[in-house]
Amino acid sequence: MMSFNYVRKVMTPEELKSALPMSEYATRIKKERDAQIKDVFTGASDKFLVIIGPCSADNEDAVLDYLYRLTKLADKVSDKLIIIPRIYTNKPRTTGEGYKGISHQPNPEEEPNLQEGLIAMRKMHLRAINETGLTAADEMLYSENWPYVDDMLSYVAVGARSVEDQQHRLTISGMDVPAGMKNPTSGDLSVMLNSCIAAQASHTFLYRTWEVQTDGNPLAHTILRGAVNKHGQCIPNYHYEDLNRLLMMYQELPNLLNQATIVDANHANSSKQYYEQPRIVKEVLHSRKVNDQIAKLVKGVMVESYIEEGNQKVGEHVYGKSITDACIGWDTTEKLIYTIADNI
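Computed from a predicted structure; not experimentally measured.

A. Structural view of the overall build of the protein chain. Helix and strand counts for the protein chain stand at 11 helices and 12 strands. The globule rule puts the C-alpha radius of gyration for 344 residues at 20 Å, and the 19 Å found for the protein chain is close to it. Projected onto its principal axes, the C-alpha positions of the protein chain cover 60 × 50 × 45 Å. Looking at the 344 residues of the protein chain, the share that counts as buried comes to 56%. A fraction of 70% describes how many contacts in the protein chain between residues 6 or more apart in sequence connect residues 24 or more apart. Summing over all exposed atoms, the protein chain offers an accessible surface of approximately 15600 Å²; the carbon and sulfur share of this is 49%. Distance between charge centres in the protein chain, computed from 37 positive and 45 negative side chains, equals 2 Å.

B. The arrangement of helix 4 (residues 114–132) in detail. Relative to the 27 Å expected for 19 residues at 1.5 Å per residue, helix 4 spans 27 Å between its end C-alpha atoms, a close match to the ideal helical length. Residues of helix 4 that are buried: Q115, G117, L118, A120, M121, R122, M124, H125, L126, A128, I129 and T132. In this structure, the buried side of helix 4 is in contact with helix 1 (13–19), helix 2 (24–42), helix 3 (60–76), strand 3 (137–139) and helix 5 (146–149). Among the residues of helix 4, the N-terminal cap falls to N113, whose side-chain oxygen and the backbone nitrogen of Q115 are separated by 3.3 Å. Of the residues trailing helix 4, G133 is marked for its positive phi of about 75 degrees.

C. Spatial organisation of the sheet that holds strand 4 (residues 155–158). Ordered by their spatial adjacency, 8 strands build an open sheet running 2-1-12-11-8-5-4-3, and the pairing between neighbours is parallel. Where the open sheet ends on each side, the last strands, each with one partner, are strand 2 (81–85) and strand 3. With strand direction ignored, the average angle separating the axes of adjacent strands in the sheet is 25 degrees. Here 4 bridges tie strand 11 (residues 261–264) to strand 12 (residues 298–304), and the two strands are oriented parallel to one another. Bridge pairing in strand 12 links D264 to M302. Contacts between helix 2 and the sheet are confined to strand 1 (48–53), strand 2, strand 4, strand 8 (220–224), strand 11 and strand 12, with strand 2 contributing the most and set at about 120 degrees to the helix. Seen against the sheet, helix 7 (residues 189–200) touches strand 5 (179–182) and strand 8 and runs at an angle of roughly 160 degrees to strand 8.

D. How the structure looks around the packing of helix 9 (residues 277–290) against helix 11 (residues 330–342). Here helix 9 crosses helix 11 at 5 degrees, and the two axes come no closer than 11 Å. Compared by their axis directions, helix 9 and helix 11 come out roughly parallel. Only T332, L336, T339 and I340 of helix 11 make contact with helix 9, whose side of the interface consists of P278, V281, K282 and L285. In the contact of helix 9 with helix 11, the residues fall into 5 nonpolar, 2 polar and 1 charged.

E. Geometry of the nonpolar core. By size, the foremost hydrophobic cluster in this structure holds 88 residues, and its most contacted members are L81, I172 and I340. The dominant element in this core, judged by the number of residues it contributes, is helix 3, at 8 residues. In terms of nonpolar packing, the next biggest core, distinct from the first, is built from 16 residues, I37, I51, A137 and I223 among them.

F. Spatial organisation of helix 7. With 12 residues, helix 7 should cover 16 Å at 1.5 Å per step; its first-to-last C-alpha distance of 17 Å lies within 8% of that length. Most of helix 7 sits out of view: 9 of its 12 residues are buried. Taken residue by residue, helix 7 has L189, V191, M192, L193, S195, C196, A198, A199 and Q200 as its buried positions. Each element contacted by the buried residues of helix 7 is listed here: helix 6 (166–172), strand 5, strand 8 and helix 8 (240–251).

G. Quick look at the packing of aromatic side chains. For the structure shown, the criterion picks out 5 aromatic pairs. Between the aromatic rings of F4 and Y6, the centroid separation amounts to 6.5 Å while the plane-to-plane angle is 35 degrees, which identifies the pairing as tilted. Each member of the pair, F4 as well as Y6, is classed as exposed. Where Y66 meets Y306, the ring centres are 6.1 Å apart and the plane angle is 75 degrees; that geometry is what we call edge-to-face.

H. Region of the structure containing the pairing of strand 1. Of all 6 residues in strand 1, 6 are buried; the element is thus mostly enclosed. Residues F48, V50 and I52 point to one face of strand 1 and L49, I51 and G53 to the other, with burial holding for every one of them. Handedness of the crossover is the feature at issue here: the chain leaves strand 1, passes through helix 3, returns alongside strand 2, and the resulting connection is right-handed.

I. Summary view of the side chain of K299. With respect to the helices and strands, K299 occurs in strand 12. Salt bridges are absent for the buried K299, whose nearest opposite-charge side chain, D46, sits at 9.5 Å. A distance of 3.3 Å separates a polar atom in the side chain of K299 from the backbone oxygen of V40. Sequence-distant contacts of K299, defined by excluding residues within four places in its chain, comprise V40, F41, G43, K47, F48, L49, Q259, A260, T261 and I262.

Reading guide: rules and limits
- Residues numbered from 1 in each chain as written.
- Predicted model: local features only at pLDDT ≥ 70, side-chain atom pairs only at ≥ 80, totals over all residues.
- Heavy atoms only, no water.
- Helix = DSSP H or I, 4+ residues; strand = E, 2+ residues; numbered from the N terminus.
- Rg over C-alpha atoms; globule rule 2.2 N^0.38 Å.
- Buried < 20%, exposed > 50% of the residue type's maximum accessible area, 1.4 Å probe, protein only.
- Contact = heavy atoms within 4.5 Å.
- Areas by Shrake-Rupley, 256 points an atom, 1.4 Å probe, with all protein chains shown as cover.
- Lys, Arg positive; Asp, Glu negative; His and termini not counted.
- Charge placed at Lys NZ, Arg CZ, Asp CG, Glu CD.
- Expected span 1.5 Å × (residues − 1).
- Polar contact = N/O pair within 3.5 Å; in protein donor to acceptor, adjacent residues only side chain to side chain.
- Pairing = 2+ DSSP bridges.
- Axes fitted to C-alpha atoms, helices over the stretch in contact; angles between N-to-C directions.
- Parallel < 35°, antiparallel > 145°, perpendicular 65-115°, else oblique.
- Nonpolar A, V, L, I, M, F, W, Y, C, P; charged D, E, K, R; others polar.
- Core = buried A, V, L, I, M, F, W, Y, C linked by side-chain atoms within 4.5 Å.
- Phe/Tyr/Trp six-rings, centres within 6.5 Å; stacked < 30°, edge-to-face > 60°.
- Right-handed = clockwise from strand over helix to strand, strands pointing away.
- Salt bridge = Lys/Arg side-chain N within 4 Å of Asp/Glu carboxyl O.

Put into structure tokens, the structure is as follows:
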């Protein structure tokens, strides 16, 4: 008796792209945005990245509402900042329980449907580009999902629980957009640096029934998200001393290209206290001001933000409020982005 029950065969990436193609406008915007973001990582631009948005993109209309507001802000600070919206369509779950993202459940209150989830995932990203002119960041939780959105995303994050996985590292090596490798939950910074070394190298491996060869991704970099010790206590790693330590570790790896880090202001860095994010971002900005090398290393911040602050349970139906991790609300978000722009 087999343990796998094959429910349905889902469409291929080619079939989904044919059903929901990129417009000429979206393709042009993606090319322009990718070039601008790449310039930040290579040092050709001194703009600062703000990767910001809901913990999980669970409701298309609310996410687009949030993005409309974000677009207006992005235009006002475009001389200093590049805003990359978080449109996270799949969510890691520590115990495997709970809402796994729109790619699993287009409707959080219904059973999983991966076929409809892939459609919902691509449709949301497509609407975001066409209606707001912003290309997004998403988390690569499932490495085999990449071909469904590889023509749309401008930034990819690999989570703390995936960063040690070889298939994730090898898949990142075939991407042509910046990919952030988070430190693992243990906090061992060498793990994410090893992940960057692997992702920047060329590899041959099995991927979606093919033997593939990759060229390596020179834009693979690190993300500091805090750690958890053996007692379950959160250990932040956004302080000046942490940034300086990472800087020194990078300096011992001269073959790593485009050395950079992004600071995640939530998760273990905030002890999941979402309202601490603005304070944490301000401290990071201060650290950049007092050390030129840290300023060159820290290319941006990652913030969880939505229309309404906090979070809610699935089924409570508060518009624009997270059903996963708690987020700062819109008023706080607006003030924070102006504060970042004023301190770069």
